[in-house]
Amino acid sequence: MCRFQSGFLHRHPLLKDLEYYWRIEPDVEYFCDIDYDPFLFMKQNGLKYGWTIAMPEFMDTIATLWNTTERFIGEHPEYLAKHSLR
């Protein structure tokens, strides 16, 4: 799902006429006011994609995530995007 949300969602036909969109997860709670226009900020700063993460994680997965990802990329370089930072 993360891959779809960060890589393919913006290509969905329903979003083709939008300059910006904001995807918010169900049951999200903001604990502060958003006192600026995030879309204007993105436009003024030439940003194409923005995200935040602030959720509890299952700690047993975090310790091995990067090494597992690196190993997978090494075993399956065909899945790496052509213009990735690698």
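What you see is a predicted model, and the numbers here were worked out from it, not measured in a lab.

With respect to the overall build of the protein
Scanning the protein from terminus to terminus reveals three helices and zero strands. Listed N to C, the secondary structure of the protein is α-α-α in terms of helices and strands. For the protein, with 86 residues in total, the buried portion stands at 7%. For the protein, the computed accessible surface area is about 8,700 Å², with 60% contributed by carbon and sulfur atoms.

Brief notes about the packing of aromatic side chains
With the rule as written, the count across this model stands at three aromatic pairs. Each ring, one from Y20 and one from F39, has its centre 6.0 Å from the other, and the planes form 45°; the classification is tilted. Of this pair, Y20 sits in the loop between α1 (2–8) and α2 (38–44) while F39 sits in helix α2, and the two are 19 residues apart along the sequence. Relative to Y79, the ring of F72 lies with its centre 5.9 Å away and its plane at 10°, an arrangement referred to as stacked. For Y79, a relative accessible area of 55% corresponds to the exposed category.

Some details on the pattern of salt bridges
Considering all chains together, one arrives at one salt bridge under this definition. Of the charged contacts, one joins E19 and K43 as a salt bridge, the two residues approaching to 3.2 Å between their closest N and O atoms. Of this pair, E19 sits in the loop between α1 and α2 while K43 sits in helix α2, and the two are 24 residues apart along the sequence. Assessed through its relative accessible area of 56%, E19 is described here as exposed.

Looking at a nonpolar patch on the surface
Taken together, W22, I24, V28, Y30, I34, Y36, F41 and L47 make up a surface patch of nonpolar side chains, about 780 Å² in accessible area. As for its position among the elements, F41 is in helix α2.

Brief notes about helix α3 (residues 59–75)
The end-to-end C-alpha separation of α3 is 25 Å, in line with the 24 Å expected for 17 residues at 1.5 Å each. Of all the bends found along α3, the most pronounced is centred on L65 and spans about 45°.

Digging into the confidence of the model for the protein
Taken over all residues, the pLDDT of the protein has a mean of 79, while the share at 70 or more is 79%. Mean pLDDT values for the elements of the protein range from 67 in α1 up to 89 in α2.

Scoring rules and cut-offs
Residues numbered from 1 in each chain as written. Predicted model: local features only at pLDDT ≥ 70, side-chain atom pairs only at ≥ 80, totals over all residues. Heavy atoms only, no water. Helix = DSSP H or I, 4+ residues; strand = E, 2+ residues; numbered from the N terminus. Buried < 20%, exposed > 50% of the residue type's maximum accessible area, 1.4 Å probe, protein only. Areas by Shrake-Rupley, 256 points an atom, 1.4 Å probe, with all protein chains shown as cover. Phe/Tyr/Trp six-rings, centres within 6.5 Å; stacked < 30°, edge-to-face > 60°. Salt bridge = Lys/Arg side-chain N within 4 Å of Asp/Glu carboxyl O. Patch = residues over 30% accessible without salt bridge, like charges linked within 9 Å, V, L, I, M, F, W, Y side chains within 5 Å. Expected span 1.5 Å × (residues − 1). Bend = angle between axes of the 7 residues up to and from the residue. pLDDT = per-residue confidence, 0-100.

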